[in-house]
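# Residue-level structure breakdown
Here's the letter readout for the chains.
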Amino acid sequence: MSQPHSHIVIIGGGPGGYEAALVAAQLGATVTVIEEQGPGGSCVLTDCVPSKTLIATSNLMAAMEGTRDLGIRFDHDVPAADVGRPGPASVSHALADAPRVYSRIRRLAAAQSADVKMRLSREGVRVISGRAKLARPGVVAVGSEEIRADTVLIAVGAHPRELPGAVPDGERLLTCRQIYDLPDLPPELIIVGSGVTGAEFASAYQALGSQVTLISSREHVLPNEDTDAAMVVEDVFRRRGMKVLGRSRAMAARRTAGGVEVSLQDGTVVTGSHCLLTVGMVPSTTGLGLGEAGVEVDERGFIAVDKVSRTSAPGIYAAGDCTGVWMLASVAAMQGRIAMWHALGEAVQPLRLGHVAATIFTDPEIATVGASQQDVDSGKVLGRVVKLPLATNARAKMDGFSDGFVKLFTRRNSGIVLGGVIVAPMASELILGVSLAVEQQLTVDQIAHTFAVYPSLTGSITEAARQLMQPAEPH
Ligand SMILES: Cc1cc2nc3c(=O)[nH]c(=O)nc-3n(C[C@H](O)[C@H](O)[C@H](O)COP(=O)(O)OP(=O)(O)OC[C@H]3O[C@@H](n4cnc5c(N)ncnc54)[C@H](O)[C@@H]3O)c2cc1C
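Residues numbered from 1 in each chain as written. Predicted model: local features only at pLDDT ≥ 70, side-chain atom pairs only at ≥ 80, totals over all residues. Heavy atoms only, no water.

## So, unusual backbone geometry
The line we're drawing: Every helix listed is a DSSP run of H or I at least four residues long, and every strand listed is a run of E at least two residues long, numbered separately from the N terminus. Each residue is placed in one exposure class: buried if its accessible area under a 1.4 Å probe, protein chains only, is under 20% of its type's maximum, exposed if it is over 50%, and partly exposed if it falls in between.
Residue D363 is joined to P364 through a cis peptide bond whose omega torsion reads 5°. Following the sequence through the fold, P364 ends up in the loop between β21 (357-360) and β22 (365-370). Going from Y454 to P455, the amide bond is cis rather than trans, its omega being -10°. Mapped onto the elements of the fold, P455 is located in the loop between α13 (444-448) and α14 (459-468). The residue L222 is not glycine, and still its phi comes out positive at about 45°. Tracing the backbone through its elements, the reader meets L222 in the loop between β13 (211-215) and α6 (227-239). Classification of L222 by relative accessible area gives buried; the value is 2%. The phi angle at S309 is positive, at roughly 75°, despite the residue not being glycine.

See the structure below:
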């Protein structure tokens, strides 16, 4: 039964906060969102939306580099040596106009934030601009105002981690939130950290025309992802001229007269014009009054929550990056919605992380859902695997790419699809078919009998399913 007259106060207006607000308003609660940057939060203003907007430009640049193979020539082909690129004798070389790229990013982020604000106000949600904290039980303070709350949702997100020996200055030593303030493209960009954020920016800036050096403390880039997929992306990076330094731990980074230098643990010094630090995120949970309110945090400051987003304090829920559950906008939003359904007495399904679809927006993209290769290899799931390279897919040949694959994991006896990995341009769009199969517990037979368009990349999904079909038992 819904409790329509509850007053919900939400601290943080990112996807964890604003999606929760929409659900609570729909259920008839009085809702206040307090956000210090702007509606949409860091997701919209500094992180997800800006980075994917940058990548929209860099993807087009990368596609243009491949146009010669597809039989397109530009009026002003220039010698490759003139643009400092490896490759054919002359290239149709597009140049990124950094100020326009960055101003488009800022415009788009602001427009998206305005859309979120409008949607919230249309649903009757009060949005307060400011920094909030828990004042005492059932009361949230923002500035001099105190707001009574039956339920509080904390969705304050996270911010980039800094290294003690590499403090960002916003000019040469940068976090991922500062890079759009540069007046121009960094000519020689050193990226410290080869996780998802580091790999995405490395891919984008290499395509935009920077000489990128990617420093990875592990053997390969994207160490926590499907190894086959990470190897494809690393191979593409190297072929495009990126310097990838594996097993290299950055200890310090400092400004020099004309640029930056990064010192590695083995004593090597790497020089460049700028350095981007992508070494993880820290929860923005200090100064909120959590301890006094009885909200438990772990040793890194992440708020402990259960599967319906409850914290250790009655009436206080938490969602999104500040919980450290899985730093994705979709997960933050789902945690926020679940919190509201639970708080307002609706039937609610606890958070299920086994079905989350995620994408790494490198070129090519890596999209994943459900079980992983590691789950199969370790015996955690009794599965079968098939991996089909896209190099033999007719559509991939027509589109002029050969780096990528489709991988499916199925339960050994039943043939139920457990998960998949797709490495391809727009893998983020292609993964939905596999997601549906995982969510609906479809079998490989059911996918194999589904029509895919010819020619299409999704044809490789149905083909992978066909290869996993098991012959009927002889009678
Ligand atoms: C570079 C980058 C790219 C990313 N790309 C993707 C992607 O492509 N897809 C994806 O799913 N995820 C992506 N992510 C992750 C995604 O941005 C986060 O998972 C998501 O933003 C989490 O949402 P949230 O609501 O928890 O927090 P946020 O979006 O961080 O919002 C929290 C808000 O709370 C506000 N706040 C903090 N403290 C207070 C306070 N005391 N009072 C008032 N307001 C406060 C902050 O100003 C902030 O705006 C990316 C992250 C980064 C860094």
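## A few points about the site of the ligand
The following threshold applies: Definition of nearness: a residue and a molecule or strand are near each other if at least one heavy atom of the residue lies within 4 Å of the molecule or strand. Here a polar contact is taken to be a pair of N or O atoms separated by no more than 3.5 Å, where protein atoms must pair a possible hydrogen donor with a possible acceptor and residues adjacent in sequence count only if both atoms sit in side chains. The protein chains shown are the only cover counted for residues, whose accessible areas, like all others here, come from Shrake-Rupley with a 1.4 Å probe. Only Asp, Glu, Lys and Arg are considered charged, only Ala, Val, Leu, Ile, Met, Phe, Trp, Tyr, Cys and Pro nonpolar, and every remaining residue, Gly among them, polar.
Taken together, 33 residues are adjacent to the ligand, and G16, E35, A132, D321 and A329 come closest. E36 places a main-chain nitrogen or oxygen 3.3 Å from a nitrogen atom of the ligand. Here C43 contributes a backbone N or O atom positioned 3.0 Å from an oxygen atom of the ligand. In isolation the ligand has 990 Å² of accessible area, and contact with the protein removes 93% of it. Going through the elements one at a time, α1 (15-26), β2 (30-35), α2 (41-45), α3 (48-65), α5 (196-208) and α8 (329-343) are the ones with two or more residues in the shell around the ligand. Class assignment of the residues belonging to the shell around the ligand gives a composition of 16 nonpolar, eleven polar and six charged.

## A closer look at a nonpolar patch on the surface
Quick reminder of the rule: Any residue with relative accessible area above 30% and no salt bridge may belong to a patch, with like charges joined within 9 Å and the nonpolar Val, Leu, Ile, Met, Phe, Trp and Tyr side chains within 5 Å. Any Lys or Arg side-chain nitrogen located within 4 Å of an Asp or Glu carboxyl oxygen qualifies as a salt bridge.
Nonpolar side chains collect at one region of the surface, where L70, I72 and F74 lie side by side and expose about 250 Å² of accessible area between them. Mapped onto the secondary structure, L70 falls in the loop between α3 and β3 (78-79). L70 gets classed as partly exposed once you look at its relative accessible area, which sits at 47%.

## Quick word on the pairing of strand β7 (residues 139-142)
Threshold: Two strands are said to pair when DSSP picks up at least two bridges between them.
Of the two faces of β7, the one holding V139 and A141 and the one holding V140 and V142 are both buried throughout. Strand direction decides the pairing type here: strand β6 (residues 132-136) and β7, joined by four bridges, are antiparallel. The residue of β7 that forms the bridge with L134 is V140. Hairpin connection from β6 to β7: two residues lie between these consecutive antiparallel strands, with G138 at a positive phi of about 75°. Sheet analysis places β7 next to strand β8 (residues 145-148), joined by four bridges and oriented antiparallel. Residue A141 lies in a different strand from β8, and its bridge partner there is E146. Between β7 and the antiparallel strand that follows it, β8, lie two residues; G143 among them carries a positive phi value of about 60°.

## Looking at the packing of aromatic side chains
Defined as follows: Within 6.5 Å between ring centres, the rings of Phe, Tyr and Trp (the latter by its six-membered ring) count as paired, and their orientation is classed by plane angle as stacked under 30 degrees, edge-to-face over 60, tilted in between. Counting as a charge over the ring demands two things of the Lys NZ or Arg CZ atom: a distance within 6 Å of the ring centre and an angle within 35 degrees of the ring normal.
Evaluated as defined, the whole model comprises three aromatic pairs. Ring plane angle 50° and centroid distance 6.5 Å describe the contact between Y180 and F201, whose orientation is recorded as tilted. Note that Y180 is positioned in the loop between β11 (173-175) and β12 (188-192) and F201 in helix α5, a separation of 21 residues in sequence. F201 matches Y180 in its accessibility class, with the two residues each being buried. One Lys or Arg, K387, reaches over the ring of F405 and ends 5.0 Å from the middle of that ring.

## Some thoughts on the sheet that holds strand β9 (residues 151-154)
How we decide: Where helices are involved, their axes are fitted lines through C-alpha atoms of the stretch in contact, as for all axes, and angles between N-to-C directions lie from 0 to 180°.
The strand order β5-β2-β1-β9-β20 describes an open sheet built from five strands, whose pairing is parallel. Strands at the two margins of the open sheet, each flanked by one partner only, are β5 (126-129) and β20 (316-318). In this sheet, neighbouring strand axes are inclined to one another by 20° on average, regardless of whether the strands run parallel or antiparallel. Note: β9 against β20, three bridges, orientation parallel. Note on β20: the bridge partner recorded for L153 is Y317.

## Thoughts on the sheet that holds β7
Judged by pairing direction, the sheet is antiparallel, and its three strands sit side by side in the order β6-β7-β8 without closing on themselves. The sheet is open, and its two edges are formed by β6 and β8, each paired on a single side. Pairs of neighbouring strands in the sheet enclose a mean axial angle of 35°, with direction left out of account.

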